[in-house]
Amino acid sequence: MEIKLLEKSEDNAKFLVQGIDFSFANLIRRSIMDEVPVMAIDEVTFHKNSSALYDEIIAHRLGLLPLSTDLKSYEVKEKCKCDGKGCARCQLNLVLQAKGPCTVYAENIKSKDPKVKPVQPNMPIIKLLKGQQLQFEATASLGYGRDHVKYSPGLVFYRQVADVKLKGDADRDKLNKICPQNILVLAGSKLKVSDNLKCDMCLACADISKEIEITPKEDEFIFEVESWGQLDPKAMVLAGLESFKSKLKEMDKQLSRLQECQSGQMRMAKDHLA
């Protein structure tokens, strides 16, 4: 398997993976989206709420609020030494107190840990009229996207790389007019795609010219990782692969135990027959 970085920004990354099949490609996608823990608000205690919205609606909005995540300082509750009871190692308290008239934004929520705070400070939560108040205490913890979408770190998708072949002779000027993206290039007698990121296999070239054949490569995939702000794309990919490695180790351990158990049963059976 070979991996090549194609593009990278603060919240987006695109990379090419060669030497894998569909099942492995989907495994990478699911590992990043479902197995990478991020912080999110899961409990809210309202002390005052005289706004136009019910407590449940505000709590739902708070739960979907992206929070910057520090994986080195926090642990998932199931793996924490407190056995999920709640401690400074596995959860964080946030508070808010506001009085109208005003618009309450995500930046108005005060976190006890400066490393964990709303990613989008200008995200509106609620509008308070004159005399209305909102006061609550919230608890944030690490969770997995497989349990709830609010714990998903972002969006991951992939597509196959286009394999373009030229059956006969073709005019260079004609090729430029055929492709909507102008990315078909003649290299000697071979036809190539100059930019795989721009080719979405629209098949416009194959529909117009019978001399061109375009098919998806079975072992090359372009991945795009779009972060929602809790973690950067690199951290998402590395954490997803690390989660996959830990699952492989656990499966190897279970298989070893099963093998030992079967060996023990076979020895007992032989002793019994003897």
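The structure under discussion appears in the preceding block.
Predicted, not measured: the structure shown is a model, and the values here were computed from it.

Attention shifts here to the overall build of the protein. A tally of regular secondary structure across the protein gives five helices and twelve strands. On C-alpha atoms alone, the protein measures out to a radius of gyration of 27 Å, which is more than a quarter above the 19 Å that the 2.2 N^0.38 rule sets for 274 residues. Counting only C-alpha atoms and orienting by the principal axes, one finds that the protein spans roughly 85 × 75 × 30 Å. Burial analysis of the protein (274 residues in total) assigns 38% to the buried set. Across the protein, every contact between residues at least 6 apart in sequence was considered, and the portion connecting residues at least 24 apart equals 72%.

Before going further, it helps to spend a moment on the pairing of strand S10 (residues 184–187). Burial along S10 is one-sided: Leu184 and Leu186 are buried, while Val185 and Ala187, pointing the other way, are not. Both S10 and strand S11 (residues 190–193) contribute to a ladder of four bridges, which runs antiparallel. The residue of S11 that forms the bridge with Leu186 is Leu191. With antiparallel pairing between neighbouring strands as the criterion, S10 and S11 make up a hairpin whose turn holds two residues, including Gly188 at a positive phi of roughly 75°.

Bringing the pairing of strand S2 (residues 12–18) into the picture now. Burial within S2 is extensive, with six of its seven residues counted as buried. Sheet topology note: the strand S1 (residues 2–8)/S2 ladder contains six bridges and is antiparallel. The residue of S2 that forms the bridge with Leu5 is Phe15. Linking S1 back to S2 in an antiparallel pair, the connection comprises three residues. With seven bridges joining them, S2 and strand S12 (residues 212–227) adopt antiparallel strand pairing. Pairing of Phe15 across the sheet is with Phe223, part of S12.

Applying the stated criterion across every chain yields a total of eight salt bridges. Salt-bridge contacts for Arg30 lead to Asp34; the nearest nitrogen and oxygen are separated by 2.7 Å. Residue Arg30 and its partner Asp34 are both found in helix H1 (residues 22–35); the two are separated by four residues, about one turn of the helix. Residue classification places Asp34 among the buried residues on the basis of a relative accessible area of 14%. Between Glu35 and Lys247 there is a salt bridge, with its nearest N and O atoms 3.9 Å apart. Of the two residues, Glu35 sits in helix H1 while Lys247 sits in helix H5 (residues 233–273), which places them 212 residues apart along the sequence. With a relative accessible area of 44%, Lys247 lands in the partly exposed category. Several salt bridges share partner residues, and in doing so they unite Glu35, Arg146, Asp147 and Lys247 into one network.

Together, Leu64, Val149, Leu155, Phe157 and Trp228 give the surface a local cluster of nonpolar side chains, amounting to about 420 Å² of exposed area. The partly exposed category is assigned to Phe157, whose relative accessible area is 32%.

This paragraph deals with unusual backbone geometry. Following Gly100, the chain continues into Pro101 via a peptide bond in cis, with omega recorded as 10°. In this fold, Pro101 is placed in the loop between strand S4 (91–99) and strand S5 (102–105). Its identity is not glycine, yet Asp83 carries a phi of approximately 60°, on the positive side. Mapped onto the secondary structure, Asp83 falls in the loop between helix H2 (55–63) and S4. A positive phi angle, close to 55°, is found at Asn182, a residue other than glycine. Of note, Asn182 is situated in the loop between helix H3 (172–178) and S10.

The rules we used
Throughout this description, residue numbers start from 1 for each chain and increase along the sequence as written. Only residues with pLDDT of 70 or above have their local features reported here, since the model is predicted, and side-chain atom pairs are shown and tallied only from 80 upward, although totals for entire chains, interfaces and linings are computed over all residues. Heavy atoms throughout the structure, all of them, feed into the side-chain values; hydrogens and water do not. Here a strand is any run of E in DSSP of at least two residues, a helix any run of H or I of at least four, and the numbering for each starts at the N terminus. For the radius of gyration, the atom set is restricted to C-alpha positions; the globular benchmark scales as 2.2 Å times the number of residues to the power 0.38. A 1.4 Å probe rolled over the protein chains alone gives each residue an accessible area, and that area as a share of the maximum for its type sets the label: buried under 20%, exposed over 50%, partly exposed in between. Contacts: residue pairs with any heavy atoms within 4.5 Å of one another. Only when DSSP finds a minimum of two bridges between them are two strands counted as paired. Each salt bridge in this description consists of a side-chain nitrogen of Lys or Arg and a carboxyl oxygen of Asp or Glu lying within 4 Å of one another. Like charges within 9 Å and nonpolar side chains (Val, Leu, Ile, Met, Phe, Trp, Tyr) within 5 Å are joined into patches, using only residues over 30% in relative accessible area that form no salt bridge. Every accessible area reported is derived by Shrake-Rupley at a probe size of 1.4 Å, with residue values counting cover from the shown protein chains alone.

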